[in-house]
Amino acid sequence: MLVTEEFTRFPLLMWEKVLSKVKKAVVFMDDKCAEALHWSGGAATLLEAGARNLKQFSSFEACGANEPKAVFVVSTLLKGRTVDIIKDIISLSHFQYCVVFTTVAHSVHLLANKVTTEMEGNPVFEQFEEKLCEWMGNMNYTAEVMHVPVVFAPVSQQLIVTPPFAHLFPLLPLDLETINAKRPEKKRFASLSDIDMHCLTAELQIEVKSLASALNSMFETTGTREESFALGPMSRIIAGELANHPQAKNRRKTAPNKASIIFVDRTMDLTGAVGHHGDNLVEKILTVLKPLPGHVTDMQVDMLELTSLQQTPHSKTVLAPGCLAQTQSSARSLWETMLTSKHKEGLMEVRRQLVEAASKENLPIKMSMGRVTPEQLCSYMQLFRSSWGALESHCGVLQLGLATAQTLRHPSLSRWDACLAFERLLLQALGDSDFPAVLRQLLPLMKPRGSEDASASGSRLREDECGPDELILLLVYLYSLADEAQPADHDTEEELEKLERDLIGALTLVITRETELSPLLQKLAGCTNPEELTTKQVHSAVEKIFKTLRGLSSTRNHLKQLRSIYTASDGVHQATYRPFLRQILEEVFHPDRHECPDIEHMSGGLTDLLKTGFSMFMKVSRPHPGDNRLLFLFMVGGVTPSELRLIKEIVTTHKPGTQVLVLSTRLLRPTDIPELLFSTQRLVPDIGV
């Protein structure tokens with residue numbers, strides 16, 4: 001039987017193909033592939049394999065006359081901007097041997113070039129090899145072009161993310177309007193569930209086909225025959241594409257191992273993604289620390305406390321940051337615990353491992369019990385400064401310890417608790433009031449930070465006040481639960497429109513009064529400097545936000561059984577949020593194995609259609625996601641650390657013999673969701689064209 005370790009090793013196997021070509025070469029790699037490599041051993045693996053240097057994939061990079069070999073690793077089609085950059089680098093260098101790896105399969109290149117017939121060999125790659133020789137200036141020089149799916153990043157033993165697809169997000173009601181606007185009136189779709197692959201933009205089709213191809217490669221390498229299931233419009237399209245992949249049909253006939261894979265749209269449960277109810281240490285680290293430059297998942301860790309440098313405005317530019325991705329076994333073990341345990345358990349494990357590391361190095365550590373504090377953790381880590389050997393031996397654990405300490409003392413962490421308290425109030429109000437009445441409770445919070453109104457109580461510090469980011473998160477949280485509110489009166493629509501106009505005006509004022517723009521606000525407003533912001537520009541952006549928000553309440557309307565993620569108060573128990581993933585897994589692991597109408601089986605083809613027909617007059621056994629001991633959950637749009645902990649707990653409780661591996665487009669922090677929801681490029685992803 002397959003074990004999940006075989007799949008977490010798969011990304012390393014794919015990188016072996018790249019490593020076999022990098023000896024004496026300068027490697028040029030784009031950010032998405034670099035992030036995938038980062039979680040599979042990092043740049044050190046390339047250098048150990050004989051690479052001379054690793055450079056950014058940019059037209060501003062080149063090599064000298066003594067560097068005749070180059071390897072390019074890209075996550076895009078060999079078209080457009082990607083081709084221009086490769087040509088620029090080669091033209092400025094003196095290469096005699098070029099190797100190009102692309103994560104996009106040759107079959108997808110044919111589709112991008114509008115070739116629909118099957119062709120022998122790899123003509124697109126062969127033509128590109130000729131171009132490479134042409135650019136190098138000699139047709140007798142060596143050029144190789146090949147596909148290798150280095151798109152997977154093993155973040156943990158339970159989670160694999162796909163950096164090249166980090167911005168792939170499920171379709172929204174607003175996208176339905178965009179798609180319908182280009183179709184004749186009689187051929188417009190009534191709902192997102194009616195949309196198929198051919199209705200998507202060419203760019204999005206290529207991205208979906210690339211993802212399906214990468215998944216097929218993983219299942220082919222591991223000899224796996226998968227049964228695909230889907231929840232949500234985008235998941236149906238991806239699962240259908242995997243089911244119909246030309247190579248998948250032959251693989252499923254001979255593959256010795258069986259597994260189930262359930263694709264789930266993130267939009268089925270946005271409440272869990274933006275809420276602050278996750279009792280998890282990593283979730284807080286991802287929220288307060290800055291992302292590592294060029295990365296989506298990993299964070300920057302300030303290493304200053306492990307040095308003798310003085311804290312100055314320039315010290316951060318002198319010292320390279322640490323990160324969360326580690327290769328040392330003790331650090332990997334600590335990371336697994338932090339990622340899938342409760343906040344307190346994670347803190348205790350960080351302290352335990354620091355004490356253990358200091359004891360191994362005979363450092364003069366003073367033991368202390370009770371509450372874990374950032375000061376305590378820092379005092380342990382500063383002991384390592386006196387020994388370079390100790391620093392080197394335990395640098396992984398020390399980086400995770402620093403990330404923990406910096407999170408605990410971060411001034412914005414207090415806003416986490418403030419948001420959690422308000423979310424609980426909103427949950428209780430949903431069971432007692434209609435939606436406008438609940439939404440109105442946000443209006444008093446819509447005050448510019450530091451204003452007299454915002455600090456009228458006198459007890460709230462600036463750090464405790466909800467800023468624009470938190471207000472937007474609360475709006476997404478509430479709108480995603482709008483259908484759970486009490487039924488409204490007939491004149492509520494007018495009341496809601498007026499209230500939304502008030503909220504738009506108030507939020508516009510809050511954003512324009514900000515003295516510094518957060519990364520989220522920079523993306524929403526389209527500028528980095530608050531002085532460049534105009535009220536008109538912000539008002540327009542906020543109006544678009546509310547247009548998207550209005551559609552969030554209908555994302556589960558097509559479901560029959562799993563439509564609610566809310567349990568109202570019964571007078572004894574408080575109202576609670578019911579995670580969508582919990583409901584799915586409880587259905588999958590139910591001892592009666594009853595069929596859930598919302599979990600759609602996708603990989604049956606003609607056989608499944610025949611079974612559907614026969615089931616009208618006789619009992620037919622359909623595939624069930626709980627049939628196999630190995631289950632994949634693919635979260636289209638991202639998964640949170642607290643959901644990973646939830647999955648682990650449910651499997652342990654309901655079906656301990658089952659192995660569950662989570663695949664996801666990204667590991668989410670709360671502010672990722674507004675960025676993905678309100679992106680202006682949602683239907684036109686960046687695939688290098």
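Along each chain, residue indices are assigned from 1 in the same order as the chain's sequence is written. Residues qualify for local features only when their pLDDT is at least 70, as the model is predicted, and side-chain atom pairs are given and counted only at 80 or more; totals for whole chains, interfaces and linings, by contrast, use all residues. Side-chain numbers come from the whole structure's heavy atoms, not from hydrogens or water.

K.L.:
I'm lost on empty space enclosed by the protein in this one. Help?
P.N.:
Within this scheme a cavity is a closed region of a 1 Å grid, computed over the protein atoms alone, that accommodates a 1.4 Å probe without allowing it to escape, whereas a pocket is open but has protein on both sides within 12 Å along at least five of seven lines; lining residues each have an atom within 4 Å of a point. Grid points are joined across faces, edges and corners, and a volume is the space filled by probe spheres set on the points. One pass over the structure, following the stated rule, counts three cavities of 30 Å³ or more. Estimates place the volume of the second largest cavity at around 60 Å³. Every residue along the wall of the second largest cavity is listed here: Ile-511, Leu-521, Leu-524, Ala-525, Val-538, Ala-541, Val-542 and Ile-545. Numbering of helices and strands starts at the N terminus; helices are DSSP runs of H or I of at least 4 residues and strands are runs of E of at least 2. Residue assignment for the lining of the second largest cavity shows that the elements contributing at least two residues are helix 24 (519–525) and helix 25 (535–549). Sort the elements by how many residues they give to the lining of the second largest cavity and helix 25 lands first, with four residues. Under the scheme applied here, ten amino acids are nonpolar (Ala, Val, Leu, Ile, Met, Phe, Trp, Tyr, Cys and Pro), four are charged (Asp, Glu, Lys and Arg), and all others, including Gly, are polar. A per-class count over the lining of the second largest cavity returns eight nonpolar, no polar and no charged.

K.L.:
Any chance you could explain helix 7 (residues 123–136) here in plain terms?
P.N.:
Given 3.6 residues per helical turn, the α-helix brings residues three or four places apart onto the same face. Expected span, for any helix, means 1.5 Å times one less than how many residues it has. Along its 14 residues, helix 7 runs 20 Å from first to last C-alpha, staying within 8% of the 20 Å computed at 1.5 Å per residue. Every buried residue belonging to helix 7 is among Pro-123, Val-124, Phe-125, Phe-128, Leu-132, Cys-133, Trp-135 and Met-136, and all of these are buried. Contacts: residue pairs with any heavy atoms within 4.5 Å of one another. Of the surrounding elements, those touching the buried residues of helix 7 are helix 5 (80–91), strand 4 (97–102), helix 6 (106–112) and strand 5 (142–147). Just past helix 7, the residue Gly-137 takes up positive phi, approximately 95°. Buried means the residue's accessible area, taken with a 1.4 Å probe over protein chains only, is under 20% of the maximum for its type, while exposed means over 50%, and partly exposed covers the values in between.

K.L.:
Mind showing me how you'd approach the sheet that holds strand 12 (residues 600–601) here?
P.N.:
Hydrogen bonding along the main chain pairs the strands of a sheet, whether they run parallel or antiparallel. Spatial strand order, 6-7-14-13-9-8-12: seven strands in an open sheet with mixed pairing. For this open sheet the edge positions go to strand 6 (153–154) and strand 12, each flanked by a neighbour on one side alone. In this structure, strand 7 (residues 159–161) lies alongside strand 14 (residues 659–664), joined through three bridges in parallel fashion. Each bridged residue has a counterpart across the sheet, and for Ile-160 the counterpart in strand 14 is Leu-663. Lines fitted to C-alpha atoms define the axes here, with helix axes fitted over just the stretch in contact, and angles between the N-to-C directions of these axes take values from 0 to 180 degrees. This element, helix 26 (residues 580–588), spans strand 8 (224–231), strand 9 (257–265) and strand 13 (630–636) of the sheet and lies at about 155° to strand 13. Strand pairing requires that DSSP identify at least two bridges connecting the strands.

K.L.:
Looking at this structure, I do not really get unusual backbone geometry. What am I missing?
P.N.:
When glycine is set aside, most residues are seen to have a negative phi, and most peptide bonds are trans. Not every positive phi belongs to a glycine, and Lys-24 is a case in point at roughly 60°. One can find Lys-24 in the loop between helix 2 (10–19) and strand 1 (26–29). The phi angle at Lys-114 is positive, at roughly 60°, despite the residue not being glycine. Looking at where Lys-114 falls in the secondary structure, it is placed in the loop between helix 6 and helix 7. Residue classification places Lys-114 among the exposed positions, given a relative accessible area of 74%.

K.L.:
Looking at this model, I keep getting lost on helix 5. Mind explaining?
P.N.:
The end-to-end C-alpha distance of helix 5 is 17 Å, a good match for the 16 Å that 12 residues give at a rise of 1.5 Å each. Along helix 5, the residues classified as buried are Thr-82, Val-83, Ile-85, Ile-86, Ile-89 and Ile-90. The buried residues of helix 5 all sit within an arc of 160° when viewed along its axis, so they share a single face. At its buried positions, helix 5 is contacted by strand 1, strand 3 (69–74), strand 4 and helix 7. The reported arc concerns the directions from the helix axis to the C-beta atoms and nothing else.

K.L.:
Any chance you could explain the pairing of strand 8 here in plain terms?
P.N.:
Successive side chains on a regular strand alternate, one facing one side of the sheet and the next facing the other. Across the eight residues of strand 8, six count as buried, placing the element largely inside the fold. With two bridges joining them, strand 8 and strand 12 adopt antiparallel strand pairing. Along strand 12, the bridge assignment pairs Ala-230 with Glu-600.

K.L.:
Teacher, can you tell me more about the environment of Leu-110 here?
P.N.:
With respect to the element layout, Leu-110 can be found in helix 6. Judged by its relative accessible area of 9%, Leu-110 is buried.

K.L.:
What is the right way to read the pairing of strand 4 from this model?
P.N.:
Taken across its six residues, strand 4 has five buried, putting it largely inside the fold. For strand 3 and strand 4, the ladder comprises six bridges, and the chain directions are parallel. Bridging from a neighbouring strand, Val-73 pairs with Phe-101 of strand 4. Note on handedness: a crossover is taken as right-handed if, strands pointing away from the viewer, the path from the first strand over the helix to the second is clockwise. Between strand 3 and its parallel partner strand 4, the chain crosses via helix 5, and the hand of that crossover is right-handed.

K.L.:
How should I be thinking about the packing of aromatic side chains in this particular structure?
P.N.:
In this description, an aromatic ring pair is defined by two values, namely the gap between the centres and the angle between the planes. Each Phe, Tyr or Trp ring (for Trp, its six-membered ring) is paired with any other whose centre lies within 6.5 Å, and the angle between the two planes then decides the class: stacked below 30 degrees, edge-to-face above 60, tilted in between. All told, the structure shown has 12 aromatic pairs when counted by the stated rule. Centroid distance Phe-7 to Phe-219: 6.5 Å. Interplanar angle 75°. Geometry classified as edge-to-face. Placement of the pair is Phe-7 in helix 1 (residues 4–8) and Phe-219 in helix 9 (residues 202–221), with a sequence separation of 212 residues. Comparing Phe-7 with Phe-219 shows no difference in burial state: the two are buried. For the ring pair Phe-128 and Trp-135, a centre distance of 5.8 Å and an interplane angle of 85° mean the geometry is edge-to-face. Cluster of aromatic residues (ring-pair linked, three or more members): Phe-28, Phe-57, Phe-72 and Phe-95.

K.L.:
Looking at this structure, I do not really get the pattern of salt bridges. What am I missing?
P.N.:
Side-chain pairing between opposite charges can occur once the charged atoms of the two side chains come close. We count a salt bridge whenever a side-chain nitrogen from Lys or Arg sits within 4 Å of a carboxyl oxygen from Asp or Glu. The tally for this structure, following the rule as stated, stands at 19 salt bridges. Taking the shortest distance from any N to any O, the salt bridge between Glu-643 and Arg-266 comes out at 2.8 Å. Placement of Glu-643 in helix 28 (residues 641–654) and of Arg-266 in the loop between strand 9 and helix 12 (271–274) is noted, with a sequence separation of 377 residues between them. Judged on exposure class, the residue Glu-643 and its partner Arg-266 are both buried.

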